[in-house]
Amino acid sequence: MSHHNVTLINPQWVLTLEEGGLLIDHCVVIDADKIIAISPVDNAIQKYPHAKKVDLPGQMLMPGFINCHGHSAMNLFKGMADDLPLMTWLEQHIWPAEGKWVDPEFVRDGCKLAISEMLKSGTTCFSDMYFFPEVVSEVAVAMNMRAICYGPILDFPTPYGSGPDEYFTKILAAHDTFKHHSLIDIGFGPHAPYTVGDESLKKVRMLSDQLNMPIQIHLHETEFEVNDAVENTNKRPCLRLDELDFWGPDVQAVHVTQLNAQDKDTLSKKGVHVIHCPESNLKLASGFCPVFELQSSEINVALGTDGAASNNDLDMISEMHTTALLGKAVSKNAAALPALDVVKMATINGAIALGKEDQIGSIKVGKQADLISIDFSDISCAPMYDPISHLVYSASRHQVDHVWVAGHLQVKNKTLCHVNPAQLMEMAQQWADKISSKQ
Ligand SMILES: [Zn+2]
């Protein structure tokens, strides 16, 4: 037996998110793209004497973060238009800029920037809803990043195509191209109930059933969206989609700041996953997702950053921090959303939402080696009682020290291994100069 690909990772703590809690004096052993052992340090060294050893004193090894909702390419609009009411922001800034600038080059460059930011802050899998999902997938493959790319469905023309027919054709082609690629899944991203009609939604459901493709949709992002729908159709969007037989355990509903008893019942019965994006909701004053209430109804809740234009970062550690604080405030219950629950929302719950819990989301033998380490040897994290508490309440993304995706080392000693940051920043600035000179 040859062990030339075997790496033995030896941190101070291992947070598996499986049974057994926080381990000390344990190694995680990886071979190529998989986790092959979790065992006491001495045993591991004995069993794999020729393995490459990575010592991480003062650090906690854990599963990589899973960012369940975003629009990566929008990273190039980061900071372009802030502090505006939602509709002004969308109608006067974001949509015109997208109409003018979004093409495969824009998406390619925006994704490179976004994936670099995500890797550096410990995200090892992201979900993306944007135009040109085939380009997003290509960039993810080139950078060895795991991604689920939801091709957009809307009832009107966009830079991606003339309407639903063309979107469906292109998304199915992308699905065909990437169906055997282990890092990539292609799904359907019907934008929202107010931008997609019944016929397209039924078609999404039918194709998704035939091809086993996941679905992601923005749902009940604001009170306005729900009131407007009730005025026009006499139905809340959640109910309208239920009557179309749209909901199922392969669907992720993003935002859900508006929830009545019937919505909750529907989402729970149909096994729909909710993706919570607290910082985007706060910045756009969209409303508050009742996370504690959802969890009490056995609805799986995972986390997303949303696009950089409404956050403005892709930082899952700060997203966890906001989730915990906001979840307590909204439920008026300081015991709601304890640190460990929030860490699960950023990892294993995300894997469950994306239908990938057999591959990622926890440290378990046989699962993919999507691993990160957090360096707690920092003043912000002294003294140490509980690393899980520090991760959510005290640490920052700058403490992400090592990152592996499918066993491939992406960040070493807090530095990106395969990206030249100076080049990347120059590219991004060129886009900003071009975009601001033509606004
Ligand atoms: Zn979004």
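Quantities reported herein were computed from a predicted structural model and do not represent experimental measurements.

Colleague: When you look at the packing of helix H5 (residues 164–178) against helix H6 (residues 198–211) in this model, what are you seeing that I'm missing?
Modeller: Axis angle and axis distance: for two packed helices, these are the angle between their axes and the distance between the axes, and together they describe the pair. Following both chains from N to C, one finds H5 and H6 inclined at 15 degrees, their axes separated by 12 Å at the closest point. As judged from the angle between their axes, H5 and H6 are roughly parallel. Note that H5 runs across H6; the crossing there is right-handed. Across from Pro164, Asp165, Phe168, Leu172 and His175 in H5, the residues of H6 making contact are Ser200, Lys203, Val204, Leu207 and Leu211.

Colleague: Honestly, the side chain of lysine 356 in this entry has me stumped. Any pointers?
Modeller: Within the fold, lysine 356 resides in the loop between helix H14 (348–353) and strand S14 (371–375). When near neighbours in sequence (up to four residues on either side) are disregarded, lysine 356 contacts Arg146, Ile148, Asp185 and Ala351.

Colleague: How should I be thinking about the nonpolar core in this particular structure?
Modeller: The nonpolar side chains of soluble globular proteins are, as a tendency, buried together. Within the largest apolar cluster, 111 residues are counted, with the highest numbers of intra-cluster contacts made by Phe106, Val107, Trp247, Leu267, Met320 and Leu391. Once residues within four sequence positions are removed from consideration, leucine 267 is found in contact with Leu219, Cys238, Trp247, Val256, Leu259, Val272, Val274 and Ile299. Formed by 15 residues, the second largest nonpolar core is a distinct cluster that contains Cys125, Ile275, Cys277 and Ile348.

Colleague: Before we go on, may I ask you to explain helix H7 (residues 223–233) in this structure?
Modeller: Since one α-helical turn is 3.6 residues long, residues separated by three or four positions face the same way. Residues of H7 that are buried: Glu225, Val226 and Ala229. For H7, the buried positions fall inside an angular range of 95 degrees around the axis, keeping them on one side. With respect to the buried face of H7, the exposed residues turned more than 90 degrees away are Phe224 and Glu231. Contacts from the buried residues of H7 go to strand S10 (215–219) and helix H8 (237–243). Backbone geometry just downstream of H7 places asparagine 234 in the positive-phi region, at approximately 70 degrees.

What counts, and where the lines are drawn
- Residues numbered from 1 in each chain as written.
- Predicted model: local features only at pLDDT ≥ 70, side-chain atom pairs only at ≥ 80, totals over all residues.
- Heavy atoms only, no water.
- Axes fitted to C-alpha atoms, helices over the stretch in contact; angles between N-to-C directions.
- Helix = DSSP H or I, 4+ residues; strand = E, 2+ residues; numbered from the N terminus.
- Parallel < 35°, antiparallel > 145°, perpendicular 65-115°, else oblique.
- Left-handed = near helix turned anticlockwise from the far one by under 90°.
- Contact = heavy atoms within 4.5 Å.
- Core = buried A, V, L, I, M, F, W, Y, C linked by side-chain atoms within 4.5 Å.
- Buried < 20%, exposed > 50% of the residue type's maximum accessible area, 1.4 Å probe, protein only.
- Arc of directions from axis to C-beta.

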